[in-house]
Amino acid sequence: MEKKRILAIETSCDETSAAVIEDGHTILSNIVASQIKSHQRFGGVVPEIASRHHVEQITLIIEDALKEAGVSYDDLDAVAVTEGPGLVGALLIGVNAAKAIAFAHDLPLIAVNHIKGHIFANQLVSTLSFPILSLVVSGGHTELIYMESEDSYEIIGETRDDAAGEAYDKIGRVLGVPYPGGKHIDQMAHEGKDTYHFPRAMIKDDTFDFSFSGLKSSFINTVHNAKQKDEEIHLNDLAASFQAAVIDVLVSKTIRAAKGKKVKQLVLAGGVAANKGLRTALQAAVSEELPEVEMLIPPLELCGDNAAMIGAAAYIQLKNNNFATYALNGRPGLTV
Ligand code: KG4
Ligand code: ZN
């Protein structure tokens, strides 16, 4: 069968990205332009600035992606774009670029859910075998998603307040590390020890939901109290203690959910999947408690936001003739 090539576009947050993906698993190109430097001095992503950068970058990034892949519009079978969740102004830049390309080159348009994209990042390096349980951990999401097949999604647990990455970024401000804090805290954690013993919220309750705001408050109170009493603050130990609490909860709930669902594969996905401590702890727990389950973890460059993962997820929709119309809009609150 002839190979199917998808041009994929991702602009849901602070990365402008375009990729060309063949048959849902081979990356011909994956260009990612990060805007982090422009947002860093504000301590978080500023939506208006994100939209402006996307407008400036999108055409150039798409051209780069086609050039690096060595293809022209005539070689494409579809154009795919993230429709949500994300920042509405940022999503709209990608959606409108994709619509214009679809119209001008008479290509089918595919609307992709960003969360599904994170899961399908794994398809770019491994073969997915269902049923699968995915732990999706990013700046905006913490979800346990059960998939009976490649086109069925059931959220079996989610955060009741902050997302895991959001908690990392918020305590990153307290520790004085640049935005986004996750990567820096991960590094500091490896130099410290879990001496503060922060609470592990909801670790033993009978839902698969998560909560990270209590941990965040406990962390902030500990730092404030120590400052008021003029006590020495051990930054690396604080980072290690925070990370240990997050990982304990994520790993224990994920393993328990996977046991109940009898899955073939366990998938880690999203920006926080880059966390070294989490990767190691989850892999170790799976080897010990679920030796029959295969653990998939994306390489670091496919954990954060990128268009390749959108092209991988879009391939399922291309096979199923699941196309969008020109009425496609950005959907900031989209769920799986
Ligand atoms: O998936 P992503 O790129 O964007 C969203 O869809 O939200 O995830 C970004 C999040 C940020 O909160 C960032 O701090 C976190 O991923 N992150 C990490 C690490 N690398 C990125 N969190 C913990 N440890 C890391 N190594
Ligand atoms: Zn993301």
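These numbers were taken from a predicted model, which means no experiment stands behind them.

### Notes on the coordination of the zinc ion (ligand 2)
Taken together, the protein donors to the zinc ion (ligand 2) comprise H114 (NE2), H118 (NE2) and D305 (OD), at separations of 2.0 to 2.1 Å. The sequence motif formed by the donor residues of the zinc ion (ligand 2) is H-x3-H-x186-D. Of this pair, H114 and H118 both sit in helix α4 (residues 114-120), four residues apart, which is roughly one turn of the helix. Side by side, H114 and H118 carry an identical accessibility label, which is buried.

### Quick notes on the sheet that holds strand β1 (residues 5-10)
The mixed open sheet is built from five strands, whose spatial order is β3-β2-β1-β4-β5. The open sheet has two free edges, formed respectively by β3 (26-34) and β5 (109-113), since each of these has just one partner strand. Strand after strand, the sheet turns through a mean of 20° between neighbouring axes, direction not considered. Note: strand β2 (residues 15-22) against β3, eight bridges, orientation antiparallel. Bridge pairing in β3 places E15 opposite S34.

### Some points on helix α5 (residues 164-175)
Taking 1.5 Å per residue as the helical rise, α5 with its 12 residues ought to reach 16 Å, and the 17 Å between its terminal C-alpha atoms agrees with that figure. Taken together, the buried positions of α5 are A164, G165, A167, Y168, D169, I171, G172 and L175. On its buried face, α5 sits against β6 (132-137), β7 (142-147), α6 (182-189), α7 (213-228) and α8 (235-261). G176 occupies a position one or two residues after α5 and carries a positive phi of about 80°.

### Some points on the nonpolar core
In this structure, L133 and F242 are the most contacted members of the largest nonpolar core, which totals 47 residues. Contributions of two or more residues to this core are made by β6, β7, α5, α6, α7, α8, β9 (265-269) and α9 (276-289). Of all the elements, α8 adds the most residues to this core, at 13 residues. For L133, the contacting residues outside a window of four places in its chain are L144, I145, Y146, I156, T254, A257, A258, V263, Q265, L266 and V267.

### Observations concerning the site of ligand 1
Around ligand 1, the structure places 18 residues, and the nearest of them are H118, G139, D169, G271 and N275. At 2.8 Å from an oxygen atom of ligand 1 is found a main-chain nitrogen or oxygen belonging to G139. The side chain of N275 places a nitrogen or oxygen atom 2.9 Å from a nitrogen atom of ligand 1. A molecule is said to occupy a pocket when more than half its atoms come within 2 Å of that pocket's grid points, and by this definition ligand 1 occupies the largest pocket.

### Digging into the layout of surface pockets
What the largest pocket holds in volume is close to 1400 Å³. Residue lining of the largest pocket: 43 residues in total, with G139, D169, P180, G271 and G304 positioned closest to the centre. Elements with a contribution of two residues or more to the lining of the largest pocket: β3, α1 (36-40), α4, α5 and α6. In terms of residue class, the lining of the largest pocket is built from 13 nonpolar, 19 polar and 11 charged. Split by domain, the lining of the largest pocket shows at least three residues from each of two domains, domain 1 (5-120 + 302-319) and domain 2 (127-297). When its volume is computed, the second largest pocket comes out at roughly 230 Å³. Taken together, 18 residues line the second largest pocket, and the ones lying closest to its centre are A111, N113, K116, Q317 and N322. Looking at the lining of the second largest pocket, the elements that each hand over two or more residues are β5, α4 and α10 (307-319). Two domains share the lining of the second largest pocket, each providing at least three of its residues, namely domain 1 (5-120 + 302-319) and domain 2 (127-297).

About the criteria used
- Residues numbered from 1 in each chain as written.
- Chains lettered and ligands numbered in written order.
- Predicted model: local features only at pLDDT ≥ 70, side-chain atom pairs only at ≥ 80, totals over all residues.
- Heavy atoms only, no water.
- Donors = N, O, S within 2.8 Å, 3.2 Å for Na, K, Ca; no water.
- Helix = DSSP H or I, 4+ residues; strand = E, 2+ residues; numbered from the N terminus.
- Buried < 20%, exposed > 50% of the residue type's maximum accessible area, 1.4 Å probe, protein only.
- Pairing = 2+ DSSP bridges.
- Axes fitted to C-alpha atoms, helices over the stretch in contact; angles between N-to-C directions.
- Expected span 1.5 Å × (residues − 1).
- Contact = heavy atoms within 4.5 Å.
- Core = buried A, V, L, I, M, F, W, Y, C linked by side-chain atoms within 4.5 Å.
- Near = heavy atom within 4 Å.
- Polar contact = N/O pair within 3.5 Å; in protein donor to acceptor, adjacent residues only side chain to side chain.
- 1 Å grid on protein atoms, 1.4 Å probe; cavity = no way out; pocket = protein on both sides within 12 Å on 5 of 7 lines; lining within 4 Å.
- Sits in = over half its atoms within 2 Å of the grid points.
- Points joined across faces, edges and corners; volume = space filled by probe spheres on them.
- Nonpolar A, V, L, I, M, F, W, Y, C, P; charged D, E, K, R; others polar.
- Domains from an automatic or database assignment.

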